[in-house]
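A look at the structure
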Amino acid sequence: MKTLIRPAVSLFVVLSAVTGVLYPLAVTGAASALFPHQAHGSLIVKDGVAVGSSLIGQNFSEPKYFWSRPSATGPMPYNASASSGSNQGPLNPAFVDAVKGRIAALKAADPDNHLPVPVDLVTASGSGLDPHISVAAARYQLERVARIRHVSPATVSQVLNRHIESPLMGIFGEERVNVLELNLDVDRLTSM
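Residues numbered from 1 in each chain as written. Predicted model: local features only at pLDDT ≥ 70, side-chain atom pairs only at ≥ 80, totals over all residues. Heavy atoms only, no water.

A word on the overall build of the protein chain
- In terms of regular secondary structure, the protein chain is built from six helices and five strands.
- The secondary structure elements of the protein chain, listed N-terminal to C-terminal, are α-α-β-β-α-β-α-α-β-β-α.
- Against the compact-globule benchmark of 16 Å for 192 residues, the protein chain has a radius of gyration of 23 Å, which places it well outside the compact range.
- In terms of its C-alpha atoms, the protein chain occupies a principal-axis envelope of roughly 80 × 45 × 35 Å.
- Once local pairs closer than 6 in sequence are excluded, the contacts in the protein chain between residues at least 24 apart make up 55%.
- For the protein chain, the exposed surface amounts to about 11,800 Å²; the carbon and sulfur share of it is 65%.
- Of the charged side chains in the protein chain, 15 are positive and 14 negative, and the gap between their average positions amounts to 8 Å. (Helix = DSSP H or I, 4+ residues; strand = E, 2+ residues; numbered from the N terminus. Rg over C-alpha atoms; globule rule 2.2 N^0.38 Å. Contact = heavy atoms within 4.5 Å. Areas by Shrake-Rupley, 256 points an atom, 1.4 Å probe, with all protein chains shown as cover. Lys, Arg positive; Asp, Glu negative; His and termini not counted. Charge placed at Lys NZ, Arg CZ, Asp CG, Glu CD.)

What follows is the structure in structure tokens.
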């Protein structure tokens, strides 16, 4: 029996050290060397302070900002530790009421906008954390943001166009806009 215990314990200690210490250190070191921005959370820094991540959405509700997709996380929006979908189907009365409420909020913030509301402004993503909206969703909000900030729509459109991201590898997904990055750029535009 002793002949089995000692090799088993030795193997356990060696494998624990390799898989629990050496391998994570090697992977973390390689990621930090090859992809430093991503390895450190893809943080967006403003005036030396991290204001968010380009991978996690934020809740913008002031009319002067472009609004993100709704978040399905709880108890607070965009809570990365509670990432999940709402699991409500399109016939669920709670889902229908939530979408109607979101449409009403968009209409109340911009009553003169008679364009059809893009679906991504009233439905949450699968993770509830999506930092991007479609180009159509950004353009839907452009006039409101420009009017409230007292900037021409053409100027805000130029800023928006700089933030349009292509589909992944040119074929996966659609063009999209990172809302936090766009709002920070619009803030810089109007603070000059």
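Overview of helix 3 (residues 93-109)
- With 17 residues, helix 3 should cover 24 Å at 1.5 Å per step; its first-to-last C-alpha distance of 24 Å lies within 8% of that length.
- Taken together, the buried positions of helix 3 are occupied by Phe 95, Val 99, Leu 106 and Ala 109. In an axial view of helix 3, the angular spread of the buried residues amounts to 95°, which keeps them on one side of the axis. Those residues of helix 3 that are exposed and aimed more than 90 degrees away from the buried face are Pro 93, Asp 97, Lys 100 and Ala 108.
- Lining the buried residues of helix 3 we find helix 4 (135-149).
- In this structure Asn 92 caps helix 3, since a side-chain oxygen of it lies 2.8 Å from the backbone nitrogen of Ala 94. (Expected span 1.5 Å × (residues − 1). Buried < 20%, exposed > 50% of the residue type's maximum accessible area, 1.4 Å probe, protein only. Arc of directions from axis to C-beta. Polar contact = N/O pair within 3.5 Å; in protein donor to acceptor, adjacent residues only side chain to side chain.)

Some details on the nonpolar core
- Formed by 29 residues in total, the largest nonpolar core has its most connected members in Phe 66, Ile 133, Val 177 and Leu 182.
- For this core, the secondary structure elements donating two or more residues are helix 3, helix 4, helix 5 (153-162) and helix 6 (179-191).
- Here this core gets seven residues from one element, more than from any other, and that element is helix 4.
- Excluding residues that lie within four positions of it along the chain, Leu 182 makes contacts with Phe 66, Val 159, Leu 160, His 163 and Val 177. (Core = buried A, V, L, I, M, F, W, Y, C linked by side-chain atoms within 4.5 Å.)

Focus on the sheet that holds strand 4 (residues 164-165)
- Strands sit in the order 3-5-4 across an open sheet of three strands; the sheet is antiparallel. For this open sheet the edge positions go to strand 3 (132-134) and strand 4, each flanked by a neighbour on one side alone.
- Pairing of strand 4 with strand 5 (residues 176-178) involves two bridges; the strand directions are antiparallel. By the bridge assignment, Ile 164 is partnered in strand 5 with Val 177.
- The strands touched by helix 4 are strand 3, strand 4 and strand 5; relative to strand 3, the strand with the most contacts, the crossing angle is about 80°.
- On top of the sheet, helix 6 reaches strand 3, strand 4 and strand 5; it is set at about 65° to strand 5, its chief contact. (Pairing = 2+ DSSP bridges. Axes fitted to C-alpha atoms, helices over the stretch in contact; angles between N-to-C directions.)

Here's the deal with helix 4
- The end-to-end C-alpha distance of helix 4 is 20 Å, a good match for the 21 Å that 15 residues give at a rise of 1.5 Å each.
- Of all the bends found along helix 4, the most pronounced is centred on Gln 141 and spans about 40°.
- Buried within helix 4 are the following residues: Val 135, Ala 137, Ala 138, Tyr 140, Gln 141, Leu 142, Arg 144, Val 145, Ala 146 and Arg 149.
- The elements touched by buried residues of helix 4 are helix 3, strand 3, helix 5, strand 4, strand 5 and helix 6.
- Of the residues flanking the end of helix 4, it is His 150, one or two places downstream, whose phi is positive at about 60°. (Bend = angle between axes of the 7 residues up to and from the residue.)

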